[in-house]
Amino acid sequence: MAETVTVGFEKSESGGECSSRVAVGTLLLDAATEAGCDITATCGRRGRCRSCRVKLVSGGFSPPTVQDRVQLGHDDVQENYRLACQTRVIADGRVLPAPPSSETGHQIRGDSIDSSRRDYVFDPGVRKYKIVAAIPLDENEQSSDVDAVCDALPDNIVRRLPMDLLRRLPNLLRGDSGKVTVTCFNDDIINLEAGHNSDQIFGMAFDIGTTSIVGTLIDLTSGEELASVSNVNPQAVYGADLMSRLAYGQFDEKKIAVLRGRVLSIVNEFIDEACEKANVTGDDIYKIVVVGNTCMHHLFLGIDTSYVGLAPYAPTVSDGLVIPAKDIPLKRAPNAQVCLLPIVAGFVGADTMAAILATKIYQSDEVRALVDIGTNGEVVMGSKAGLMACSAPAGPALEGGQIQHGMRAALGAIEKATIDEDVHLGVVGDLPPIGICGSGLIDLVAKMLDAGILNTMGRFRDKEFDSLPPALAARFVSQGKIRAFLLVQAGESGKDESIVLTQMDIRQLQLAKAAIYAGVLMLQELMSTNDDDLAELMICGGFGSYIDIESAVRIRLIPDLPLERISFQGNAAHIGAQLALLSETERQKAEELARTIHHVSLATRPEFQDIFVEACNLGSSKPEKLPA
């Protein structure tokens, strides 16, 4: 039997401690999970970020690794800071997760359908029938309770009841002299209630994203929005980007169950929260539409995602689905039918399909592009003549992940910048800054290009600092062998340490933005569409709504189109989910479209590598270099 040791994790905010007993050699991150202590692992345990940084207080642990030294630096390692994803437990010990989470007030866009929108048919598919069933009274009648109910319903209703309703039917039917309220979804019976009850019919639409989850409660009799809910996806502690999360759960049923449990728990909580806000009951929610990328879709259903993360990245199921909530289970809406929109292919998931519905790109006379900017970006291009789609895995840098002082768009995040004789920062909440979010990163790099701090290859200026204003020249610093640009001095930040932008951070941004831009370029090439032929570039996604367009164009995150041909579509995936909630016509349209969209696998295109490399540049393919 393997020798075991005890590891304690201090809770700095409460002064308490949680602990776990694990086998010698266990990763500190796994020991934390066993103890019920969440330590965020943004990079998915690959030692490529600082998010799982801890301080070893006492006890026995493995020596520092190369990744520890690269990410934390010599001084932190000397002070017993380590990466929990790289450190193994050797003997009993105590650990302080550092720093504790300080991100609050996250900016999460839900977005709702414009009440004036009239480009869809209002037909939610849910209807209540108040009937009086003729209870069988004569033993010579060759009739049943099911017959009695169905005979009182329109002919189109399927004469079949789910097993749980069959079990309830005998007593329910006779409880009020045959008076029954029957709820149907399309042609199927989904609920029975004794007596003639209220006409209340509610539904919810959820967009389960890699970074955040948003939901909206809607009255399905009027189309009125009643409540909205949102928060960070609690799975993020196991990896900020999609591939990191897939790697965490790969071929491990227990870890997949953990990921699934996290998302089901928060969706159930959201149902409760929305119902409480609107003063309604979850029993009257009869339809729920869920969209998300392929990984989020499968985890929500409890489907093993191991093979989604391996070539050829095939989903287990791509068709749209309708599943009783109790089979998932969503216990807070037990009578609902849960509808999942179809998956296009691989990593072009149901959220992209929802965005296509929301933007109506499939009805366009001219070629348009839809770009979802996020950890798992997608690009759709085309018109009513046909659509092409590809996945552009940008990774978490645009959401602040794998950036030394990166964070989500929360209170204290640097979100914009201007540079003249010095650097001037805009911070969410006008608080002392504690990190840099994605929009701030894009803005900073764009302004650093303009100021001559960076060249178009993404490298910091090497020499001739005298040509820069003195305040800017003084901001160049070194962290060991890594060059950095000082943004905020330790005494002026909100976390008692300096905030810098490193050369490594710039590289992470370049890789992320190149994935998006190269996806656009690839589809333009395949569709023989140049920038002049592109009628509109529609930016969607919660993150995309906060970026500065000019800065995004400056760093070549998106094509250099006239500003009037670039539009924000907000959280189009969530809007599309609401359309499918309010309209069965729209939901069926998604089914039809998914079978006609041409999926382009970028990795299999021989020309893509060259396009991607060129897209990494922060300027033209032949940039003017700064003085060497």
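Computed from a predicted model, the values in this text were never measured in an experiment.

Visitor: Let's hear about the side chain of Arg-461: which residues, and what values?
Guide: Within the secondary structure, Arg-461 sits in the loop between α9 (438–450) and α10 (470–473). Given a relative accessible area of 7%, Arg-461 falls into the buried group. Reaching out from Arg-461, the side chain makes a polar contact with the backbone oxygen of Gly-452 at a distance of 3.1 Å. Of the polar contacts made by the side chain of Arg-461, one reaches the side chain of Ser-467; its length is 3.2 Å.

Visitor: Would you mind going over the pattern of salt bridges in detail, with residue names and values included?
Guide: Scanning the model with the defined rule gives 29 salt bridges in all. Of the charged contacts, one joins Glu-34 and Lys-254 as a salt bridge, the two residues approaching to 3.3 Å between their closest N and O atoms. With a gap of 220 residues between them, Glu-34 in helix α1 (residues 28–35) and Lys-254 in helix α6 (residues 253–278) connect regions that are remote in the sequence. Taken individually, Glu-34 and Lys-254 each receive the classification exposed, so the pair is uniform in this respect. Among the ionic pairs, Arg-556 bridges to Glu-614, the shortest N-O distance being 2.9 Å. Taken as a pair, Arg-556 in the loop between α12 (549–554) and β25 (566–570) and Glu-614 in helix α15 (residues 608–615) lie far apart in primary sequence, 58 residues in all. On the basis of relative accessibility, which here comes to 11%, the residue Arg-556 falls in the buried class. A relative accessible area of 22% places Glu-614 in the partly exposed class.

Visitor: I'd like to hear about the sheet that holds strand β23 (residues 499–502), residue by residue, with values.
Guide: Spatially, the 3 strands line up as an open sheet ordered β21-β22-β23, and their pairing is antiparallel. Every interior strand has two partners, whereas the edge strands, β21 (476–479) and β23, have only one. In this sheet, adjacent strand axes meet at a mean angle of 45° when their direction is disregarded. Direction of pairing for β21 relative to strand β22 (residues 482–488): antiparallel, over a ladder of 4 bridges. Looking at the pairing, Ser-478 lines up with Arg-483 of β22. Those strands touched by helix α11 (residues 503–526) are β22 and β23, and its axis lies near 60° from that of β23.

Visitor: Hey, could you go over empty space enclosed by the protein for me, with residue numbers and the actual values?
Guide: Throughout the structure, instances matching the rule amount to 3 cavities of 30 Å³ or more. By volume, the second largest cavity amounts to about 60 Å³. Every residue lining the second largest cavity is listed: Leu-29, Thr-33, Cys-37, Asp-38, Ile-39, Ala-41, Arg-45, Val-237 and Tyr-238. Broken down by class, the residue content of the lining of the second largest cavity amounts to 6 nonpolar, 1 polar and 2 charged.

Visitor: Any details on the side chain of Thr-87? Residues and values, ideally.
Guide: Structurally, Thr-87 can be placed in the loop between β4 (81–83) and β5 (89–97). At 2.9 Å, the side chain of Thr-87 and the backbone oxygen of Leu-83 are in polar contact. Residue contacts for Thr-87: discarding those within four places in its chain leaves Thr-26, Leu-27, Leu-28, Phe-61, Ser-62, Asp-68 and Arg-82.

Visitor: Account for the packing of helix α8 (residues 350–359) against helix α13 (residues 572–582), naming residues and giving values.
Guide: Where α8 contacts α13, the two axes come as close as 7 Å, and the packing angle between them is 75°. Between α8 and α13, the crossing angle belongs to the class labelled roughly perpendicular. Contacts from Asp-351, Ala-354, Ala-355, Leu-357, Ala-358 and Thr-359 of α8 reach α13 at Ala-572, Ala-573, Ile-575, Gly-576, Ala-577 and Leu-579. The residue makeup of the contact of α8 with α13, split by class, is 9 nonpolar, 2 polar and 1 charged.

Visitor: Go over the packing of aromatic side chains with me, naming the residues and quoting the values.
Guide: Aromatic ring pairs are defined here through the distance separating the ring centres and the angle between the ring planes. Under the definition given, this model contains 6 aromatic pairs. Geometrically, the ring pair formed by Tyr-238 and Tyr-248 is stacked, given 4.6 Å between the ring centres and 25° between the ring planes. Linking Tyr-238 in the loop between β11 (225–232) and α5 (242–249) with Tyr-248 in helix α5, this pair joins segments that are 10 residues apart in sequence. Both residues of the pair, Tyr-238 and Tyr-248, count as buried. Summarising the aromatic geometry, the rings of Tyr-313 and Phe-347 are spaced 5.6 Å apart at their centres and angled 45° between planes, so their arrangement reads as tilted. Here Phe-347 lies in the loop between β14 (337–340) and α8 and Tyr-313 lies in the loop between α7 (294–301) and β13 (321–324), a separation of 34 residues in the sequence. Exposure remark for Tyr-313: the relative accessible area of 33% places this residue in the partly exposed category. By relative accessible area, Phe-347 is classed as buried at 12%. Through pairs of rings, three or more aromatic residues link up here, namely Phe-460, Phe-476 and Phe-485. Positioned above the aromatic ring of Tyr-81 is the side chain of Arg-53, whose terminal nitrogen or guanidinium carbon lies 4.8 Å from the ring centre.

Procedures and definitions
- Residues numbered from 1 in each chain as written.
- Predicted model: local features only at pLDDT ≥ 70, side-chain atom pairs only at ≥ 80, totals over all residues.
- Heavy atoms only, no water.
- Helix = DSSP H or I, 4+ residues; strand = E, 2+ residues; numbered from the N terminus.
- Buried < 20%, exposed > 50% of the residue type's maximum accessible area, 1.4 Å probe, protein only.
- Polar contact = N/O pair within 3.5 Å; in protein donor to acceptor, adjacent residues only side chain to side chain.
- Salt bridge = Lys/Arg side-chain N within 4 Å of Asp/Glu carboxyl O.
- Pairing = 2+ DSSP bridges.
- Axes fitted to C-alpha atoms, helices over the stretch in contact; angles between N-to-C directions.
- Contact = heavy atoms within 4.5 Å.
- 1 Å grid on protein atoms, 1.4 Å probe; cavity = no way out; pocket = protein on both sides within 12 Å on 5 of 7 lines; lining within 4 Å.
- Points joined across faces, edges and corners; volume = space filled by probe spheres on them.
- Nonpolar A, V, L, I, M, F, W, Y, C, P; charged D, E, K, R; others polar.
- Parallel < 35°, antiparallel > 145°, perpendicular 65-115°, else oblique.
- Phe/Tyr/Trp six-rings, centres within 6.5 Å; stacked < 30°, edge-to-face > 60°.
- Lys NZ or Arg CZ within 6 Å of the ring centre and 35° of its normal.

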